[in-house]
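The chain contents come next:
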Amino acid sequence: MTWHRAKRPRLVLALGHGAGGGIEARDLQALAGALPALGVTVALVEQPWRVAGKRLAPAPRSLDTGWRALWPALERPGLPVVAGGRSAGARVACRTASELGARAVLALSFPLHPPGRPEKSRAAELLESGVSTLVVQGGNDPFGKPAEFPGGAYDLVEVPDADHGFAVPKRAPVSGDEALGILTGGVMNWLGALRE
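Since the model is a prediction, treat every value here as computed from it, not as a measurement. (Residues numbered from 1 in each chain as written. Predicted model: local features only at pLDDT ≥ 70, side-chain atom pairs only at ≥ 80, totals over all residues. Heavy atoms only, no water.)

1. Section: the sheet that holds strand β5 (residues 104-108)
As a reminder of what qualifies: Strand pairing is defined by DSSP finding a minimum of two bridges between the two strands. The helix count covers DSSP runs of H or I at least four residues long, the strand count covers runs of E at least two residues long, and both are numbered beginning at the N terminus. Angles shown run from 0 to 180 degrees and are taken between the N-to-C directions of axes, each axis being a line fitted to C-alpha atoms and, for helices, limited to the stretch in contact. Residues count as neighbours in contact if any of their non-hydrogen atoms are within 4.5 Å of one another.
If you walk across this open sheet you meet the seven strands as β1-β3-β2-β4-β5-β6-β7, and the pairing is mixed. The outermost strands of the open sheet, each flanked by one partner alone, are β1 (2-4) and β7 (155-159). Strand-to-strand twist in this sheet, taken as the mean axis angle between neighbours without regard to direction, amounts to 15°. As judged from the five bridges shared by strand β2 (residues 11-16) and strand β4 (residues 81-86), these two strands associate in the parallel manner. Across the sheet, residue Ala14 finds its bridge partner in β4, namely Ala83. The sheet contacts of helix α1 (residues 26-34) involve β1, β2, β3 (40-45), β4 and β5, and relative to β3 the element is tilted by about 150°.

2. Brief notes about the packing of aromatic side chains
What counts here: Any two rings among Phe, Tyr and Trp, with Trp reduced to its six-membered ring, count as a pair given centres within 6.5 Å; such a pair is stacked if its planes are under 30 degrees apart, edge-to-face if over 60, and tilted if neither. In this scheme, a residue with accessible area under 20% of its type's maximum is buried, one over 50% is exposed, and one in between is partly exposed, where area comes from a 1.4 Å probe on protein chains only.
Under the criterion given, the structure shown has two aromatic pairs. Ring geometry for Trp67 and Trp71: centres 6.2 Å apart, planes at 50°, overall tilted. Remark: Trp71 and Trp67 occur in helix α3 (residues 60-75); sequence separation between them is four residues, near one turn of the helix. Accessibility classification places Trp67 together with Trp71 in one group, the buried group.

3. Remarks on the confidence of the model for the chain
Inclusion rule: Within a predicted model, pLDDT stands for the predictor's per-residue confidence, ranging from 0 to 100.
Overall, the predicted model of the chain reaches an average pLDDT of 91, with 92% of residues at or above 70. The least confident element of the chain, judged by mean pLDDT, is helix α2 (residues 48-51) at 64; the most confident is β5 at 98.

4. A few points about the environment of Ile182
Relative to the elements of secondary structure, Ile182 occurs in helix α6 (residues 176-193). Measuring from C-alpha to C-alpha, the distance between Ile182 and Ala123 comes to 24 Å, with 59 residues separating the pair along the chain. Those residues in contact with Ile182, other than ones at most four positions away along the chain, are Val157, Glu158, Val159, Pro160 and Val174.

5. Some thoughts on the pattern of salt bridges
A side chain with one charge can pair with a side chain of the opposite charge if their charged atoms come near. This is how it is decided: In what follows, salt bridge is the name for a side-chain nitrogen of Lys or Arg lying within 4 Å of a carboxyl oxygen of Asp or Glu.
All told, the structure shown has six salt bridges when counted by the stated rule. Three or more residues are tied together by salt bridges with common partners; here these are Asp64, Arg91, Arg95 and Glu125.

6. Focus: the environment of Phe143
You can see Phe143 is positioned in the loop between β6 (132-138) and β7. The class of Phe143 is partly exposed, set by a relative accessible area of 23%. Note: C-alpha distance between Phe143 and Leu112 (31 residues apart in sequence) is 5.7 Å. Residues contacting Phe143, with those up to four places away along its chain left out, are Phe110, Pro111, Leu112, His113, Pro114, Pro115 and His164.

In structure tokens form, the structure reads like this:
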């Protein structure tokens, strides 16, 4: 875990990465840079398979095992813990939130379905998190555009024209920095509204 500590923390946000990358992802780094000033300690979590130098993530349920093992360290500061992650990390956070006692879930680029396979929906994982949940989704994410998401008890922030990594094309009406600003602003507002 890489900690980005707030001076006067009110909660901990744990963020796991996706199956194709690590904690260097732009969205994770943007949140780690912005949230400590607002009293949110951010813990960026590198999954064991990445630490071991492997290139491919194991089966989804194996990712849950690694996440469960680190939970006591996240709770150690004695603050509410928000479980979160991007892509595969978002799925892990949703699947384990109730069991681990997470205060809420932040799902960045939730992979609603494999690209081009909407019939292989993973909506149940999102809808069954059991806690307050925010999805931040790119408007052009091949793993699920915002309009494809089912109704449910969660909030959704759309980053216009953004792909699965929140990159936007040069012709988009928003720049890459503005896209990250929409993402961090949406997360800040949502976390600010959470009651301890």
